[in-house]
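So you can see what is in the structure, the chains are spelled out below.
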Amino acid sequence: MSNPTTAVPVSGQRPPSAAPASAGRPKATRNRAREWATRAPLLPALIFLIVVTQLPFVATLVISLFDWNSFRPDRRAFAGLENYKTVLSDESLRESIVTTVLLTASVVIVSVVLGLLLALLLDRKFRGRALVRTMLIAPFLLVPVASALLWKHALYNPEYGLFNGVLNWLGGPQPEWLTDTPLIAVEASLIWQWTPFMMLILLAGLQSRPLDMVEAARLDGAGSWQIFRFLTLPHLRRYLELGTLLGSIYIVQNFDAVFTMTRGGLDTANLPYTIYETFYNAHEYGLASAAGVVVVIGTIVIATFALRVVSSLFREEASRA
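Each chain has its residues counted from 1, following the order in which its sequence is written. Only residues with pLDDT of at least 70 are given local features in this predicted model, and only at 80 or more are side-chain atom pairs given and counted; all residues enter the totals for whole chains, interfaces and linings. Only heavy atoms go into the side-chain values, all of them from the structure, while hydrogens and water stay out.

So, about the packing of aromatic side chains. The relative placement of two aromatic rings is captured by the distance of their centres and the angle of their planes. Two aromatic rings, drawn from Phe, Tyr or Trp (for Trp, its six-membered ring), form a pair once their centres lie within 6.5 Å of each other, and the interplanar angle then sorts them: stacked below 30 degrees, edge-to-face above 60, tilted otherwise. In the structure shown here, the tally under the stated rule is 22 aromatic pairs. An aromatic cluster is defined as three or more aromatic residues linked by ring pairs; in this entry it consists of Trp-68, Phe-255, Phe-259, Tyr-273, Tyr-276, Phe-279, Tyr-280 and Tyr-285. We call a charge positioned over a ring when the NZ of a Lys or the CZ of an Arg lies within 6 Å of the ring centre and within 35 degrees of the ring normal. In this structure, Arg-76 packs its charged tip against the face of Trp-68, placed 4.7 Å from the ring centre. Looking at Arg-263, its charged tip hangs above the ring of Phe-259, at a distance of 4.2 Å from the centre.

Throughout this description, the term salt bridge denotes a Lys or Arg side-chain nitrogen within 4 Å of a carboxyl oxygen of Asp or Glu. For the structure on display, the rule yields five salt bridges. Here Arg-72 ties to Glu-284 by a salt bridge, and the two come within 3.8 Å at their closest N and O atoms. Remark: Glu-284 occurs in the loop between α14 (271-281) and α15 (285-320) and Arg-72 occurs in the loop between β1 (66-67) and β2 (77-78); sequence separation between them is 212 residues. Any residue under 20% of the maximum accessible area for its type is buried, any over 50% is exposed, and the rest in between are partly exposed; the area is computed with a 1.4 Å probe on protein chains only. Among the residues examined, Arg-72 registers a relative accessible area of 36% and is labelled partly exposed. For Glu-82, the salt bridge goes to Lys-85, with nearest N and O atoms at 3.6 Å. Here Lys-85 and Glu-82 lie together in helix α3 (residues 82-89), a separation of three residues that amounts to about one turn. Lys-85 gets classed as exposed once you look at its relative accessible area, which sits at 52%. Salt bridges sharing partners connect three or more residues here, namely Arg-237, Arg-238 and Glu-241. In DSSP terms, a helix is any run of H or I states spanning at least four residues, a strand is any run of E spanning at least two, and both are numbered starting from the N terminus.

Another aspect to go through is a nonpolar patch on the surface. A surface patch of nonpolar side chains, about 980 Å² in accessible area, is lined by Trp-36, Leu-43, Leu-46, Ile-47, Phe-48, Leu-49, Ile-50, Val-51, Val-52 and Leu-55. Per-element tally for the nonpolar patch: the top contributor is helix α2 (residues 43-63), with nine residues. With respect to the helices and strands, the residue Ile-47 is situated in helix α2. Only residues whose relative accessible area exceeds 30% and that form no salt bridge enter a patch; like-charged residues are grouped when within 9 Å of one another, and nonpolar side chains (Val, Leu, Ile, Met, Phe, Trp, Tyr) when within 5 Å. Throughout, the Shrake-Rupley method with a 1.4 Å probe supplies accessible areas, and for residues the shown protein chains are the sole cover considered.

Here we come to the UniProt feature "transmembrane region" (unreviewed entry) in the chain. Within this numbering scheme, the UniProt entry marks residues 42-66, 97-122, 134-151, 183-206 and 285-310 as carrying the feature "transmembrane region" (unreviewed entry). Along residues 97-122 the backbone is 100% helical and 0% strand, and the end-to-end C-alpha distance reaches 37 Å. Along residues 285-310 the backbone is 100% helical and 0% strand, and the end-to-end C-alpha distance reaches 36 Å. UniProt positions are given in the numbering used here, feature names are shortened, and annotations may be inferred rather than shown by experiment.

Here's what the structure looks like:
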């Protein structure tokens, strides 16, 4: 008699116990190959990014540790952190740091406020809104050097500039804008250029508001100021933070306006321009590299906060969806 518990294998069928062990390894291998196939196209870009950005920064970091003046190449020596102490203790460098802070803070604050007002205007529907939006964005699209030259010659020039021409027509004074108020003149040109950037960010925030809450507030008798204060402004908080942080990153590194309009004179030399003067005119490679590292570290700190704000915005949008 045959044993009824004995399983008779069917032709072409594998034993059940052998299936997971034999199928698991090829599946893991296929998943690994698929992951590498997905990442492989990004490897050339990653290598290019490392070569272009990280290697020069490492070289700058190494040079910042040396006392290196190209006029005295035989006296090059390892200085440790002495260049960084000089950056923080030298009077001209300290003044350039203060100028950088004042320039960045004033430009960012004023451009955010003006950008918010323009965004509130463009959030309303009116005839010709698309044309007005295009015209308001135009200053941000200009090359920074071209923008600085425009303000220096077409607006600030005391002989044929637009500002003095209007004041002459009104019978007013004829000031030397770049001599009497040099820092304010540089700030005004940067505010004109960066206000459209803030406007675009805040306009995107306004257009992402939950309109049902706004309509419910209006039905409950809330006025325009109450809606702005208790609904619009809290909703725009993340966008205000993002615009402030991104604007600070770019304006801290601004070189074009100072170089083109004042050449760093009359207490307008910010830290990037001072680094340029230290490197190309004084030929102090180690000191200029140390100042550049300080700027990069400050920018990285600001960029870290900006990335956190962007991540929080993405999380909020994902939670709404």
